[in-house]
Amino acid sequence: MKTLLRYLAITLLLAAGHASADKPFVFTAIPDEDESKLQERFGQVAAYLQQELGVPVRYVPVKSYAATITAFRNNQVQLAWFGGLSGLRARELVPGSQALAQGVEDAAFKTYFIAHRDSGLTRADTLQDTLRGKTFTFGAKGSTSGRLMPEFYLRQQFRQAPEDVFSRVGFSGDHSRTIELVMSGAYQVGALNYTVWESAVAAGQVDTSQVAVIWETPTYPDYQWSIRGDVDAQFGKGFMDKVRAALLAMKDPALLAAFPRSGFIPASNSDYQPIADTVSAIGLIEE
Amino acid sequence: MGLRLSLRHFHAGLLLLAALCIALGDWAIGSHDPSRILWRILHGAITPDFTNTHEWLPAMGSTIAFAMLGVGAAWALGLLLSLVYHWRLVRWCCASVRGVHELFWALLFLQVFGLHPLTGLLAIALPYSGICARVYAELVEETSGLPERHLRASDRFSRFLWARLTQAWPHIRAYSGYRMECGLRSSAVLGFIGLPTLGYHLETAFRQGQYSQAFALLYAFFLLIGTRHWWLRPRWLPVYAIASLVWLAHTSAPYLSLQPSLLWQFLSHDIWPRALLAGNLAATGDWLWALFHDEGLPGLFNTLLLSLVALVFTLAFSLLQFPWVSRHFVRTRWRWLGHALLVALRSTPEYVLAYIGLVWLGPSMLPAALALSVHNGAIIAFLSGQASNTLLLRTDTPAGIDRYFWTVLPRLYRTVLAFTLYRFEIILRESAILGILGIYTLGFYIDSAFEDFRFDKAMVLIVLTAGLNIVAEISARGLRQHLALRNTPEEI
């Protein structure tokens with residue numbers, strides 16, 4: 001028993017030692033596409049930030065949009081690459097947090113509706129009535145371009161909940177999976193982030209004779225880097241500005257391909273008011 | 001006579017209900033080319049790819065560590081609680097904590113503790129304590145009361161310890177070993193919602209269609225579970241516990257920060273209906289009704305529907321498969337094959353099987369029902385096969401089909417049915433959970449509420465699910481008594 005207690009004491013000391021070791025600056029990103037590549041994609045971003053900021057930087061992968069927000073809320077990560085909706089929620093939950101930078105493409109982002117050829121749907125300027133009765137998949141439940149925006153425009157067009165417009169509504173989980181499910185015919189129609197579609201097409205991963213874009217939404221602001229308001233207190237005065245500067249100075253195409261974005265531009269919390277308006281319009285957050 | 005009649009009624013009712021469920025449910029095959037996908041999955045099964053083992057080996061460590069500490073705590077707590085299990089309050093508390101599935105607990109704790117190891121530990125320890133307390137108490141109850149009578153002068157604790165526990169101990173040990181196996185499965189599945197265990201990599205591999213890598217993970221997991229009897233030795237437990245603690249502290253270093261204020265805010269604010277916090281009772285009632293009507297009711301309906309169909313499928317699967325491990329049908333030389341297949345199916349969590357099924361058949365209740373019946377059916381077939389081995393047959397007994405239908409089945413059927421009804425509670429719990437994968441059972445609505453950060457909604461739906469599980473537990477017990485099926489196997 002005595003030895004057991006001694007072991008236990010040593011263990012606890014070790015655990016405590018780990019906790020108090022030089023605290024790294026930790027960031028994460030919403031798992032919006034190809035999960036197996038997340039570590040690869042963001043590992044190099046971590047190395048870049050570490051070099052620019054002069055503190056140990058770690059990237060941690062997470063499984064869901066909600067978990068990203070929770071980690072941010074719990075101060076387990078201090079910086080995150082959020083979507084429009086997840087960023088909005090995260091900043092609501094952490095007072096003082098800031099949207100720092102967005103991708104050049106994010107100021108005017110859009111959602112593509114794609115359909116399998118067998119559905120008989122073709123490209124149009126509006127959402128057509130022929131969509132009724134088809135099967136349809138969103139992306140992740142907490143996604144801006146895969147859920148919030150397509151749901152908003154579906155409701156606006158049909159004046160009905162998506163479940164009543166389509167014969168079956170699913171949530172694929174991420175944008176890459178949406179492409180796959182529509183391509184396999186599991187769903188006839190899907191809605192997704194346009195950059196993921198464009199890069200999958202460019203990489204030859206889409207059989208464009210089978211699947212095509214049938215409608216694109218008007219533009220809206222989307223992804224952004226958000227940071228906790230208390231990082232200056234945790235990592236020293238001026239740290240938030242240093243992070244913003246490092247993000248805006250990211251020019252290496254290999255790094256930018258991780259997002260995929262052509263570069264970063266400054267962003268502020270107020271840039272995301274349109275997302276907040278959409279959210280309250282479709283009642284995702286009832287008050 | 002009355003007894004046989006009620007068994008017949010029971011079957012008629014069950015088949016009628018299942019037929020109704022099949023008529024009302026969504027059983028479509030959604031994928032375009034299921035045979036091609038099945039072929040790719042099978043190809044992955046025969047060409048497991050161990051090249052990136054270094055990526056998921058740490059996850060294996062965490063899977064063991066979470067199970068070891070979580071189940072270990074549940075053993076201790078369950079044993080303590082079994083001592084006072086006759087108190088109504090304790091019974092109710094245990095019923096409620098085990099009424100909530102470990103994945104739902106994990107989703108709850110994820111909101112408060114984030115990826116801190118406490119999330120995984122509590123998610124396993126809490127429901128497992130409730131389960132262990134109940135089973136330990138039942139095992140103790142079943143011991144002979146004779147020795148206790150001679151210790152009448154002693155206090156309650158001494159009598160429990162020396163007259164009851166000593167008798168029940170071998171059964172408690174066997175059951176605890178089985179619980180650890182369940183704990184390993186639960187721990188692996190927690191990865192599907194983001195904890196750093198095997199499920200994390202399994203989900204990714206299946207989602208991305210990297211089936212060879214997925215099967216490498218599965219085979220490693222089978223090996224872990226299949227060798228349980230060798231490595232799970234009581235005297236090594238302290239070493240395992242300490243190693244697990246060190247491992248978790250080491251691997252989750254970045255997540256160790258906790259915000260106690262968040263816990264308080266979660267308990268005092270987040271989980272309560274907004275209208276109730278504003279003091280508006282009428283609006284709270286409206287909100288609750290709308291929630292029940294729009295999400296609770298369809299979720300409840302689909303959960304029941306899925307689990308009833310799965311129950312019938314499970315019974316059928318068990319009846320068809322038990323001969324593989326029975327000495328009356330298959331020679332010893334070949335029995336290991338059936339044995340291996342059933343062990344593999346029972347080692348694979350139904351959540352993982354359902355995930356594979358969804359990839360294969362597309363989104364509907366069909367893959368979910370198949371997954372539930374294959375996993376649970378394998379467990380029951382295995383136990384039934386073993387039970388059949390204890391039957392002594394006449395020397396002039398027929399062989400083959402005749403032996404199955406006229407000699408073995410009439411004597412074994414009641415046992416198989418009892419096992420199946422025991423599993424029903426578990427099937428129901430799992431049916432709710434499979435909603436997280438996108439089938440419209442209660443889990444779907446609970447997961448959506450968490451994704452929308454509506455913890456008040458999630459809470460109401462979780463309470464509803466727990467209520468359903470408690471009602472099922474009580475009625476299954478009643479039904480078993482009514483049908484005079486008494487048989488508490490240790491691994492059910």
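Keep in mind that what you see is a predicted model, and the values were worked out from it rather than measured. (Residues numbered from 1 in each chain as written. Chains lettered and ligands numbered in written order. Predicted model: local features only at pLDDT ≥ 70, side-chain atom pairs only at ≥ 80, totals over all residues. Heavy atoms only, no water.)

J.: Go over the packing of aromatic side chains, please, and point to the residues and values.
T.: All names here are of chain A. Under the definition given, this model contains 51 aromatic pairs over all chains. Arranged with centres 6.0 Å apart and planes meeting at 25°, the rings of F113 and F136 form a pair that is stacked. Of the two residues, F113 sits in strand β5 (residues 111-116) while F136 sits in strand β6 (residues 135-138), which places them 23 residues apart along the sequence. An identical accessibility class is assigned to F113 and F136; each is buried. In this structure an aromatic cluster arises from ring pairing among F27, F42, Y59, W81, F109, Y112, Y194, Y220, Y223, W225, F259 and F264. (Phe/Tyr/Trp six-rings, centres within 6.5 Å; stacked < 30°, edge-to-face > 60°. Helix = DSSP H or I, 4+ residues; strand = E, 2+ residues; numbered from the N terminus. Buried < 20%, exposed > 50% of the residue type's maximum accessible area, 1.4 Å probe, protein only.)

J.: Before we move on, could you go through a nonpolar patch on the surface and cite the residues and values that matter?
T.: Residues and elements named next belong to chain B. A contiguous nonpolar surface patch, about 400 Å² in accessible area, is contributed by L17, L20, L24 and F301. Broken down by element, the residue count for the nonpolar patch peaks at 3 residues, all from helix α1 (residues 2-24). The topology assignment puts L20 in helix α1. (Patch = residues over 30% accessible without salt bridge, like charges linked within 9 Å, V, L, I, M, F, W, Y side chains within 5 Å. Areas by Shrake-Rupley, 256 points an atom, 1.4 Å probe, with all protein chains shown as cover. Salt bridge = Lys/Arg side-chain N within 4 Å of Asp/Glu carboxyl O.)

J.: Any details on the domain arrangement of chain B? Residues and values, ideally.
T.: Residue and element names in this part refer to chain B. Each assigned domain of chain B is listed with its residue range as follows: domain 1 (11-47 + 275-492) and domain 2 (56-270). Distance between the C-alpha centres of domain 1 and domain 2: 22 Å. On the domain 2 side, the residues contacting the 46 residues of domain 1 number 42 residues. In total, about 4000 Å² of surface goes out of reach between domain 1 and domain 2, with carbon and sulfur atoms giving 64% of it. In this assembly, domain 1 and domain 2 are joined by 5 salt bridges. Between R134 and E425 there is a salt bridge; the shortest N-O distance is 3.4 Å. Counting across the interface, domain 1 meets domain 2 through 13 residue pairs in polar contact (both at pLDDT 80 or more). Of all the secondary-structure elements, those providing two or more residues to the side of domain 1 that touches domain 2 are α2 (34-46), α16 (332-347), α17 (350-361), α19 (400-433), α20 (442-451) and α21 (455-482). Taken together, the residues of the side of domain 1 that touches domain 2 sort by class into 23 nonpolar, 9 polar and 14 charged. (Domains from an automatic or database assignment. Contact = heavy atoms within 4.5 Å. Buried area = accessible area lost by both parts, 1.4 Å probe. Polar contact = N/O pair within 3.5 Å; in protein donor to acceptor, adjacent residues only side chain to side chain. Nonpolar A, V, L, I, M, F, W, Y, C, P; charged D, E, K, R; others polar.)

J.: Can you tell me about the nonpolar core, naming the residues and giving the values?
T.: Membership of the largest hydrophobic core comes to 241 residues, with the highest contact counts inside it found for F25, F27, V45, L49 and W225 of chain A. With 14 residues, the top contributor of residues to this core is α19 of chain B. Sequence-distant contacts of V45 of chain A, defined by excluding residues within four places in its chain, comprise F27, W225, M250, L255, A258 and F259 of chain A. Grouped together as the second largest cluster of nonpolar side chains are 6 residues, V84, Y85, V90 and A137 of chain B included. (Core = buried A, V, L, I, M, F, W, Y, C linked by side-chain atoms within 4.5 Å.)

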